Amino acid sequence: MSSEIRFTDFKSDKQPTWCPGCGDFGTMNGMMKALANTGNDPDNTFVVAGIGCSGKIGTYMHSYALHGVHGRALPVGAGVKLANPDLEVMVAGGDGDGYSIGAGHFVHAVRRNVDMTYVVMDNRIYGLTKGQASPTSREDFETSTTPDGPQQPPVNPMALALASGATFIAQSFSTDAQRHAEIVQKAIEHDGFGFVNVFSPCVTFNDVDTYDYFRDSLVDLAEEDHDPTDYDDAKDAILDGNKEYQGVIWQNEESVPYGEKHGVTEDMSQVDEGAPEGAMDLVREFY
């Protein structure tokens with residue numbers, strides 16, 4: 001890893017097609033700064049993205065990247081990390097991608113505790129498909145497909161993560177550049193699965209959860225009497241429905257990553273030429 005890497009080294013030559021003002025610009029910049037600050041470089045980084053506006057991020061970042069199937073980015077990221085533990089693996093997704101069709105994978109990725117980082121751009125709306133309610137939309141959020149609102153409580157991603165055995169849970173705000181990058185950096189440095197839910201406002205389809213709303217509502221846990229290593233403190237903050245928190249909410253300092261726990265530490269990404277002996281017999285037998 002090089003100490004000469006700058007965050008701009010992670011920028012590709014492809015211009016983002018996100019809407020002007022989209023929160024994903026700030027989210028991505030913070031991810032790149034965090035990668036550079038931790039001494040990673042593009043040749044050592046693998047970004048896996050799901051479907052939705054956030055899914056484009058692998059095109060806009062200069063690194064190894066894969067644009068996965070809807071909701072399936074996490075198992076791909078886990079496979080990459082276990083195949084080559086030397087890579088810095090970062091999975092990016094949205095609230096629809098991660099907490100709806102991808103919710104099952106989210107639960108199991110959390111509990112396996114593979115040493116990678118998951119950044120979710122939570123705009124509380126389906127943006128790419130033109131403004132439907134997402135799993136994190138408010139109960140009364142009116143859209144063209146839910147004119148009276150979803151009429152069901154939004155998913156609490158942090159509560160889901162905590163209940164699944166998460167070892168690192170944080171939340172940030174895409175436009176708070178320095179703080180956001182700092183929080184993502186802590187997730188990268190964590191030994192285990194680092195989960196960061198990022199408030200990343202959609203300026204086109206969500207006129208409720210706006211930049212102004214988060215600026216006025218966010219409470220930074222760094223300025224509160226909060227101990228992120230205290231499970232009860234973390235649980236209280238996560239279940240507090242009256243406040244929107246920013247910062248590291250929970251970190252298990254005794255976390256042991258999956259690879260270390262199960263002895264998966266060798267690079268398995270190099271495959272000898274040709275199929276293993278007997279492989280074709282298996283193919284013929286089952287297909």
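Residues numbered from 1 in each chain as written. Predicted model: local features only at pLDDT ≥ 70, side-chain atom pairs only at ≥ 80, totals over all residues. Heavy atoms only, no water.

An unreviewed UniProt entry annotates the protein chain as 2-oxoacid:ferredoxin oxidoreductase subunit beta of Halogeometricum salsisoli.

Participant: Please explain the UniProt feature "domain: Thiamine pyrophosphate enzyme TPP-binding" (unreviewed entry) in the protein chain as it appears in this structure.
Facilitator: UniProt records the feature "domain: Thiamine pyrophosphate enzyme TPP-binding" (unreviewed entry) at residues 51–198, using the numbering of this structure. Secondary structure across residues 51–198 divides into 35% helix and 19% strand, with the first and last C-alpha atoms of the span separated by 17 Å. (UniProt positions renumbered as here; feature names shortened; annotations may be inferred. Helix = DSSP H or I, 4+ residues; strand = E, 2+ residues; numbered from the N terminus.)

Participant: When you look at the sheet that holds strand 5 (residues 168–173) in this model, what are you seeing that I'm missing?
Facilitator: Strands in a sheet are paired, the pairing made by backbone hydrogen bonds, and the direction either parallel or antiparallel. Read across the open sheet, the 8 strands follow the order 2-1-3-4-6-5-8-7; overall the sheet is mixed. Looking at strand neighbours, the two that pair on one side only are strand 2 (64–67) and strand 7 (218–220), the edges of this open sheet. With direction set aside, neighbouring strand axes in the sheet form an average angle of 20 degrees. As paired strands, strand 4 (residues 117–122) and strand 6 (residues 194–199) are joined by 6 bridges and run parallel to one another. Each bridged residue has a counterpart across the sheet, and for Asp-122 the counterpart in strand 6 is Phe-199. Docked against the sheet, helix 9 (residues 231–238) engages strand 5 and strand 8 (244–251), running at close to 150 degrees with respect to strand 8. (Pairing = 2+ DSSP bridges. Axes fitted to C-alpha atoms, helices over the stretch in contact; angles between N-to-C directions. Contact = heavy atoms within 4.5 Å.)

Participant: Would you mind showing me how to read the nonpolar core here?
Facilitator: Nonpolar side chains in soluble globular proteins generally cluster together in the buried interior. Counting residues in hydrophobic clusters, the biggest one holds 32 residues, and the most contacted among them are Ile-169 and Phe-195. Sorting the residues of this core by element identifies strand 1 (45–49), helix 3 (73–83), strand 3 (88–94), helix 5 (103–112), strand 4, helix 6 (157–163), helix 9 and strand 8 as the ones contributing at least two each. For this core, the element with the most residues is helix 3, which contributes 4 residues. Setting aside residues up to four positions removed in sequence, Phe-195 forms contacts with Tyr-99, Phe-106, Tyr-118, Val-120, Pro-157, Met-158, Ala-161, Phe-168, Ile-169 and Ala-170. Grouped together as the second largest cluster of nonpolar side chains are 28 residues, Met-28, Leu-35, Met-90 and Ala-92 included. (Core = buried A, V, L, I, M, F, W, Y, C linked by side-chain atoms within 4.5 Å. Buried < 20%, exposed > 50% of the residue type's maximum accessible area, 1.4 Å probe, protein only.)

Participant: I would appreciate a short explanation of the pairing of strand 4 in the present structure.
Facilitator: Residues in a regular strand point their side chains to alternate faces of the sheet. Most of strand 4 sits inside the fold, with 6 of its 6 residues counted as buried. By the alternation rule, side chains of strand 4 split into Thr-117, Val-119 and Met-121 and Tyr-118, Val-120 and Asp-122, which are all buried. Where strand 3 lies against strand 4, 5 bridges are found, and the strand directions are parallel. By the bridge assignment for strand 4, Ala-92 is matched with Val-119.

Participant: Just checking my understanding: could you explain the packing of aromatic side chains for this structure?
Facilitator: For any pair of aromatic rings, geometry is given as the distance between the ring centres together with the angle between the planes. Counted under the stated rule, the structure contains 12 aromatic pairs. Each member of the aromatic cluster is reached from another via a ring pair, and the members are Tyr-99, Phe-106, Tyr-118, Phe-193 and Phe-195. Of note, Lys-33 hangs over the ring of Phe-7, and the distance from its end group to the ring centre comes to 5.3 Å. The residue whose ring lies beneath Arg-138 is Tyr-213, and the NZ or CZ to ring-centre distance is 4.8 Å. (Phe/Tyr/Trp six-rings, centres within 6.5 Å; stacked < 30°, edge-to-face > 60°. Lys NZ or Arg CZ within 6 Å of the ring centre and 35° of its normal.)

Participant: Is there a simple way to think about the side chain of Thr-136 in this case?
Facilitator: Inspection of the secondary structure puts Thr-136 in the loop between strand 4 and helix 6. Within the local environment of Thr-136, its side chain forms a polar contact with the side chain of Asp-122, the two groups lying 2.8 Å apart. Once residues lying within four places of it in the same chain are set aside, the contact partners of Thr-136 are Asp-95, Tyr-99, Asp-122, Arg-124, Pro-154, Val-155 and Pro-157. (Polar contact = N/O pair within 3.5 Å; in protein donor to acceptor, adjacent residues only side chain to side chain.)

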